[in-house]
Amino acid sequence: MQELPVFVFIFSDCTGGVASFNRNLINHTSLSSACKVKVILIKPEEDKRTPFTDKMRGEVIHFNFSSLENQFHVLHRLYALIGNENGCIITDNALVLNAVSLFGKTKRLIYLVHDYFYVNAALSFANLIDAAVAHSTFFRDVLLAAAVTEYQTKAFFLPYGVELPSVAWQKQRAGETLRLIFLGRLVEEKGVLLLKQIDENLRATGTQAEWTIMGTGPLLAQLKESWSNTDAVKFVQAKDGAEVYKTLEEHDVLVFPSQFEGTPVSIMEAISRGVVPVVSDLPGGTRDMVTDGIGFLCGTRNVEEYANAIRILDQNRQELHLLQQGCLRKARESYDIRKASDAYFTFFFNQMKTPLKTNNGSPIHLSRLDSRYLPNSFVRAFRKAKQKIGW
């Protein structure tokens with residue numbers, strides 16, 4: 001009896017769009033019986049972001065390490081977890097690329113390109129990667145433009161999706177006060193520090209709104225302090241994806257002034273619950289999603305433009321309702337995660353039909369302390385001592 005292929009998903013152990021992306025692919029495919037799924041969640045000790053706790057199908061392994069360790073041994077431990085069964089590695093993590101480059105390939109390597117951050121690694125490891133997959137045409141084309149020779153036959157666009165509400169579910173019309181929501185990590189590049197400025201601009205012209213800021217991150221305390229003079233805001237940390245969707249169903253408008261994105265899952269999730277996106281006009285998946293009849297694209301960091309879009313929706317509730325219905329239609333037509341997940345898994349199975357391009361291990365740059373001959377305990381103690389004395 002032929003063994004089932006093993007699909008190994010490897011990504012960072014932190015709450016956010018990338019983790020949600022992988023979870024949705026794993027949990028919603030109808031093809032799971034034809035393969036084995038293994039998930040490796042990577043967590044450096046120095047990473048203080050909120051761990052990802054959503055349930056996923058298959059075997060879930062937590063891989064923890066420290067930057068103080070001997071990195072040769074770190075990579076060797078990770079490589080051992082990947083295993084040598086026939087299958088695919090699906091990842092966006094540079095640590096994985098280093099491990100496979102150092103010790104050799106036993107599986108097809110599929111690299112996910114979410115945004116600009118991931119392009120450089122795709123270029124550096126082009127000879128190692130069997131297929132690069134982007135979920136926006138823009139980033140597939142960026143990769144092709146940067147390295148057409150390497151990627152003209154192995155760069156692909158596969159659209160993504162999210163969970164949709166039941167057919168019977170109806171979006172409630174907005175109440176007297178607009179309910180605005182931000183959904184994302186609480187970091188500066190997501191534009192969270194602009195939210196209070198947008199609210200102040202609205203109130204200066206008599207537009208009242210209730211806010212929900214949903215997410216975690218290092219700016220949480222600063223945000224709470226800046227909003228301390230109003231009770232028109234709630235800070236929420238969802239325990240799982242189900243709570244995210246439930247909260248979105250209760251809101252009217254997504255305010256997302258991010259300054260750096262690929263294909264934001266939060267925008268897609270909002271659209272799926274009839275929450276009108278008012279977002280930054282960024283190249284990539286954002287422009288694919290937020291088109292006429294769906295929402296508003298605003299200039300990055302342009303507080304006035306954001307406030308004007310929200311005022312339009314507040315003053316014209318019929319337009320708000322039409323846009324909300326447009327969001328729901330678009331989600332049902334284009335963002336069904338069941339279809340998207342099956343398309344991704346079909347792609348993985350098709351990759352299995354191609355010959356495995358093995359490598360015997362490629363040299364990567366490791367420092368002298370990251371030698372295979374130095375004990376991990378010694379290297380960690382030495383680096384910790386250097387860190388302590390500031391050397």
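Criteria and cut-off values
Residues numbered from 1 in each chain as written. Predicted model: local features only at pLDDT ≥ 70, side-chain atom pairs only at ≥ 80, totals over all residues. Heavy atoms only, no water. Helix = DSSP H or I, 4+ residues; strand = E, 2+ residues; numbered from the N terminus. Polar contact = N/O pair within 3.5 Å; in protein donor to acceptor, adjacent residues only side chain to side chain. Disulfide = S-S within 2.5 Å. Buried < 20%, exposed > 50% of the residue type's maximum accessible area, 1.4 Å probe, protein only. Patch = residues over 30% accessible without salt bridge, like charges linked within 9 Å, V, L, I, M, F, W, Y side chains within 5 Å. Areas by Shrake-Rupley, 256 points an atom, 1.4 Å probe, with all protein chains shown as cover. Salt bridge = Lys/Arg side-chain N within 4 Å of Asp/Glu carboxyl O. Core = buried A, V, L, I, M, F, W, Y, C linked by side-chain atoms within 4.5 Å. Contact = heavy atoms within 4.5 Å. Lys, Arg positive; Asp, Glu negative; His and termini not counted. Pairing = 2+ DSSP bridges. Right-handed = clockwise from strand over helix to strand, strands pointing away. Axes fitted to C-alpha atoms, helices over the stretch in contact; angles between N-to-C directions. Phe/Tyr/Trp six-rings, centres within 6.5 Å; stacked < 30°, edge-to-face > 60°.

S.K.: Break down the environment of Asp240 for me, with residues and values.
M.R.: On the secondary structure map, Asp240 appears in the loop between β10 (233–236) and α9 (241–249). As a C-alpha pair, Asp240 and Arg368 span 128 residues in sequence and 42 Å in three-dimensional space. There is a polar contact of 3.0 Å between the side chain of Asp240 and the backbone nitrogen of Glu243.

S.K.: Mind laying out the state of the cysteines, listing which residues take part and the relevant values?
M.R.: Enumeration according to the criterion identifies zero disulfides in this entry. Cysteine Cys88 shares no disulfide, and the gap to the nearest cysteine sulfur, in Cys35, comes to 9.5 Å. Sulfur of Cys327: no disulfide; nearest cysteine sulfur belongs to Cys298 and is 14 Å away. Cys327 gets classed as buried once you look at its relative accessible area, which sits at 0%.

S.K.: Which residues make up a nonpolar patch on the surface, and what values do they have?
M.R.: Together, Tyr116, Phe117 and Phe260 make up an exposed nonpolar region whose accessible area comes to about 330 Å². On the accessibility criterion, Tyr116 (38% relative accessible area) is partly exposed.

S.K.: Break down the nonpolar core for me, with residues and values.
M.R.: Judged by nonpolar contacts, the single largest core of 83 residues is most densely connected at Phe7, Phe9 and Trp211. No other element matches the seven residues that helix α14 (residues 337–351) contributes to this core. Residues within four places of Phe9 in sequence aside, it is in contact with Asn22, Ile26, Val37, Lys38, Val39, Ile40, Ile90, Phe345 and Phe348.

S.K.: Can you break down the environment of Lys196 residue by residue, with the values?
M.R.: As for its position among the elements, Lys196 is in helix α7 (residues 195–204). Residue Lys196 is classed as buried on the basis of its relative accessible area of 10%. When residues no more than four places from it in sequence are discounted, the contact partners of Lys196 are Ser226, Trp227, Asn229 and Thr230.

S.K.: Can you tell me about the side chain of Lys171, naming the residues and giving the values?
M.R.: Here Lys171 lies in the loop between β7 (155–157) and β8 (178–183). Although buried, Lys171 forms no salt bridge, and the nearest oppositely charged side chain, Asp252, lies 5.3 Å from it. Among the polar contacts made by the side chain of Lys171, one reaches the main-chain carbonyl oxygen of His251 at a distance of 2.5 Å. Only 3.0 Å separates the side chain of Lys171 from the backbone oxygen of Arg273, close enough to count as a polar contact. Contact partners of Lys171, with chain neighbours within four places excluded, come to Leu248, Glu249, His251, Arg273, Gly274, Val275, Gln324, Gln325 and Leu328.

S.K.: Pulling in residues and values, what's your account of the pairing of β10?
M.R.: Pairing of strand β9 (residues 209–214) with β10 involves four bridges; the strand directions are parallel. Across the sheet, residue Met214 finds its bridge partner in β10, namely Val236. Each parallel crossover has a hand, and for β9 linked through helix α8 (residues 220–226) to β10 it is right-handed.

S.K.: How would you sum up the side chain of Thr29? Please name residues and give values.
M.R.: Relative to the assigned elements, Thr29 resides in the loop between α1 (17–28) and β2 (36–44). Polar side-chain contacts of Thr29 include one of 2.8 Å to the side chain of Asp342. Residues contacting Thr29, with those up to four places away along its chain left out, are Arg57, Ser341, Asp342 and Phe345.

S.K.: Tell me about the sheet that holds β2, residues and numbers included.
M.R.: Spatially, seven strands are ordered β3-β2-β1-β4-β5-β6-β7 in an open sheet, and the strand pairing comes out parallel. Strands with a single pairing partner mark the edges of an open sheet, and in this sheet they are β3 (59–65) and β7. Shown here is a sheet whose adjacent strand axes are inclined to one another by a mean of 20°, direction ignored.

S.K.: Requested: an account of the packing of aromatic side chains, with residues and values cited.
M.R.: For the coordinates displayed, the defined rule picks out 22 aromatic pairs. For the ring pair Phe11 and Phe52, a centre distance of 6.4 Å and an interplane angle of 70° mean the geometry is edge-to-face. Remark: Phe52 occurs in the loop between β2 and β3 and Phe11 occurs in strand β1 (residues 6–12); sequence separation between them is 41 residues. As far as the burial class goes, Phe11 and Phe52 line up, both buried. Residues Phe182 and Phe256 carry aromatic rings whose centres are separated by 5.7 Å and whose planes lie at 20° to one another, so their mutual orientation is stacked.

S.K.: Explain the sheet that holds strand β11 (residues 253–256) residue by residue, including any values.
M.R.: As summarised here, the arrangement of the six strands in space is β10-β9-β8-β11-β12-β13, forming an open sheet in which the pairing is parallel. Two strands in the sheet have a free side with no partner beyond their single neighbour: β10 and β13 (296–298). On average, adjacent strands in this sheet sit at an angle of 20° to one another, irrespective of strand direction. Relative to strand β12 (residues 276–280), β11 is paired through four bridges, and the arrangement is parallel. Counted as the bridge partner of Val255 is Val278 from β12. Of the strands in this sheet, β8, β11, β12 and β13 touch helix α13 (residues 317–334), which is tilted by about 90° from β12.

S.K.: Lay out the pattern of salt bridges with the relevant residues and their values.
M.R.: Per the stated rule, a full pass over the model turns up 20 salt bridges. Arg23 is the partner of Asp54 in a salt bridge, and the nearest nitrogen-oxygen pair spans 2.3 Å. Of this pair, Asp54 sits in the loop between β2 and β3 while Arg23 is found in helix α1, placing the two residues 31 residues apart along the sequence. The exposure class of Arg23 is buried, given its relative accessible area of 5%.

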